[in-house]
Amino acid sequence: MTRALLPDLAPWKASADFRRLWKSGLISNFGSFLTFVALPVQLKDLTESTAAVGAIGAVELLPLIVFGLYGGALADALDKRRLIVWTEAGQGLLSAALLLNALLPHPAVWPLYAVAALSSALVSVQRPALDSLWPRIVAHDDMPAAASLNSLRWTVGGVAGPAVAGVVVAYAGLGWAYAADLLTFAVSLLYVLRIAPSPAAEEAAKPDLRAVAQGARYAWSRKELLGTYAVDLAAMFLAMPLAVLPFLADDLDAEWALGLMYAAVPAGALLVSLTSGWTSRVHRHGLMVVLSAAGWGLAVAAAGLCRNVWPVLLFLTVGGGFDMVSGVFRSAMWNQTIPDELRGRLAGIELLSYSVGPQLGQVRAGGTAAWAGVRASVWSGGLACAGAVGLLALCLPALMTYDARTNEHAVRMRERRAAVPQT
């Protein structure tokens, strides 16, 4: 029984490039989560404004949309490894800029927003390249296992990063958090440089508006894919509480728990990742996406209604587990059904679905908190999320009936990839 719950290590054993990318992501994610905590804390200290902290999402939104869509076209048209290398290096330079600003006698506010916007642009170019690379280096039937292992990589950094950041920021200062992030990008880059080149497919389209439109038309024709985008967008927009956590910690008289609050969501995700062996035996991926997204909303609502920090931490952890289940099955659906020549552009659209929601969610959470209070912002968003997901499930039968064993696109891609050797 215990063995059946353990993560499936088949992708790790079969692909050297999977191992290199996994290690690279683990290291850089840890550093990124340090900055993820440090930047809003610095903004809070400089402005004492919930709206100012929530505005981080606003400045990240436009680069995310523009470069997410164009980054997907670039991922299909150019060597994916090259894109990953250059964007990883760019992220390191931005961490250096945050460090220099933090070391000033009077740090400025505008560089925080500028770095947030530029980082959003770089991530939006890198993620489609990364997401479209996985199907090339992992066997078709191993994609759910790869999604779980990638989730584990993210959650380890998501738990350790915020927890360490809370201590570092409180006792050593913001500069140390930014310096550690810079170091992790340097180490991560060494791993990325060792992966094999991944040139564009022979039938790849040029990276222009026509190519972006072609990807959008394909996504529109796949209603089960549209369902995954819509459900995740609704869940993240309505129930993402991270922007107001510094203020929620103050409201609960638990400033000491801020790092734990940031770590709670990825901690729940980590628990799911460590017991993810069961995911490879589930085939109704769409149904699992809907149920887990609704569970995320209800858990966030419960956290907002609590007046003590310990149940808040518990419900945030439960919510993180639900969110991870949704992410694993969304990723499996995408990677098992989308043709290689379109994978980058669809990854760009996916990036918008799981990133635009949190960015807008930060603005919603901050604005609602300024108007109705911090706790009301959290619980009302969670309830709205659960209701919206339920309505989407009723409107999207193709998502609810998706089965990886019989879906025509999954069957076609299984046949295409069966004879392709993995590296």
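Just so you know, these numbers come straight off a predicted model, no measurement behind them.

### A short note on the overall build of the chain
Now for step 1: The helix and strand tally for the chain stands at 18 helices and 0 strands.
Now for step 2: Here the chain has a C-alpha radius of gyration of 20 Å; the compact-globule value for 423 residues is 22 Å, and the two agree.
Now for step 3: Taken along its principal axes, the extent of the C-alpha atoms in the chain is 60 × 45 × 45 Å.
Now for step 4: The burial tally for the chain puts 58% of its 423 residues in the buried class.
Now for step 5: Restricting to contacts in the chain with at least 6 residues of sequence separation, those with at least 24 account for 88%.
Now for step 6: Of the charged side chains in the chain, 31 are positive and 28 negative; the average position of the first set lies 5 Å away from that of the second.

### Some remarks on helix 12 (residues 258-274)
Now for step 1: Taking 1.5 Å as the rise per residue, helix 12 with 17 residues should run 24 Å; its terminal C-alpha atoms sit 24 Å apart, in good agreement.
Now for step 2: Of all bends in helix 12, the biggest is about 40 degrees, found at Ala-264, and the proline Pro-266 comes one to four residues later.
Now for step 3: Of all 17 residues in helix 12, 13 are buried; the element is thus mostly enclosed.

### Overview of unusual backbone geometry
Now for step 1: Of note in the backbone geometry, Glu-48 takes a positive phi value of approximately 55 degrees without being a glycine.
Now for step 2: The topology assignment puts Glu-48 in the loop between helix 3 (16-47) and helix 4 (50-77).
Now for step 3: By relative accessible area, Glu-48 is classed as exposed at 55%.

### Brief notes about the environment of Gly-259
Now for step 1: Mapped onto the secondary structure, Gly-259 falls in helix 12.
Now for step 2: A residue is classified by how much of its surface remains accessible, and Gly-259, at 8% relative accessible area, is buried.
Now for step 3: Between the C-alpha atoms of Gly-259 and Gly-166, which are 93 residues apart in sequence, the distance is 4.3 Å.
Now for step 4: Apart from the residues within four sequence positions on either side, Gly-259 is in contact with Pro-162, Ala-163 and Gly-166.

### Observations regarding the environment of Ala-303
Now for step 1: Inspection of the secondary structure puts Ala-303 in helix 13 (residues 285-305).
Now for step 2: Using a relative accessible area of 3% as the deciding quantity, one classes Ala-303 as buried.
Now for step 3: The sequence separation of Ala-303 and Pro-397 amounts to 94 residues, and the corresponding C-alpha distance is 31 Å.
Now for step 4: Excluding residues that lie within four positions of it along the chain, Ala-303 makes contacts with Val-312, Phe-315 and Leu-316.

### Some points on a nonpolar patch on the surface
Now for step 1: Side chains of Leu-62, Ile-65, Val-66 and Phe-67 sit close together on the surface and give an oily, nonpolar patch of about 350 Å² of accessible area.
Now for step 2: Of note, Leu-62 is situated in helix 4.

### Examining the packing of aromatic side chains
Now for step 1: Tallied over the full model, the rule gives 7 aromatic pairs.
Now for step 2: Centre to centre, the rings of Phe-33 and Phe-36 are 5.8 Å apart; their planes meet at 75 degrees, and the pair counts as edge-to-face. On the criterion of helical spacing, the pair formed by Phe-33 and Phe-36 is a turn pair, its members being 3 residues apart in helix 3.
Now for step 3: Given a relative accessible area of 34%, Phe-36 falls into the partly exposed group.

### Brief notes about the side chain of Thr-87
Now for step 1: Tracing the backbone through its elements, the reader meets Thr-87 in helix 5 (residues 80-102).
Now for step 2: Overall, the relative accessible area of 5% leaves Thr-87 in the buried class.
Now for step 3: Reaching out from Thr-87, the side chain makes a polar contact with the backbone oxygen of Ile-84 at a distance of 3.1 Å.
Now for step 4: Among residues more than four places away in sequence, those in contact with Thr-87 are Leu-122, Val-125 and Gln-126.

The rules behind each value
- Residues numbered from 1 in each chain as written.
- Predicted model: local features only at pLDDT ≥ 70, side-chain atom pairs only at ≥ 80, totals over all residues.
- Heavy atoms only, no water.
- Helix = DSSP H or I, 4+ residues; strand = E, 2+ residues; numbered from the N terminus.
- Rg over C-alpha atoms; globule rule 2.2 N^0.38 Å.
- Buried < 20%, exposed > 50% of the residue type's maximum accessible area, 1.4 Å probe, protein only.
- Contact = heavy atoms within 4.5 Å.
- Lys, Arg positive; Asp, Glu negative; His and termini not counted.
- Charge placed at Lys NZ, Arg CZ, Asp CG, Glu CD.
- Expected span 1.5 Å × (residues − 1).
- Bend = angle between axes of the 7 residues up to and from the residue.
- Patch = residues over 30% accessible without salt bridge, like charges linked within 9 Å, V, L, I, M, F, W, Y side chains within 5 Å.
- Areas by Shrake-Rupley, 256 points an atom, 1.4 Å probe, with all protein chains shown as cover.
- Salt bridge = Lys/Arg side-chain N within 4 Å of Asp/Glu carboxyl O.
- Phe/Tyr/Trp six-rings, centres within 6.5 Å; stacked < 30°, edge-to-face > 60°.
- Polar contact = N/O pair within 3.5 Å; in protein donor to acceptor, adjacent residues only side chain to side chain.

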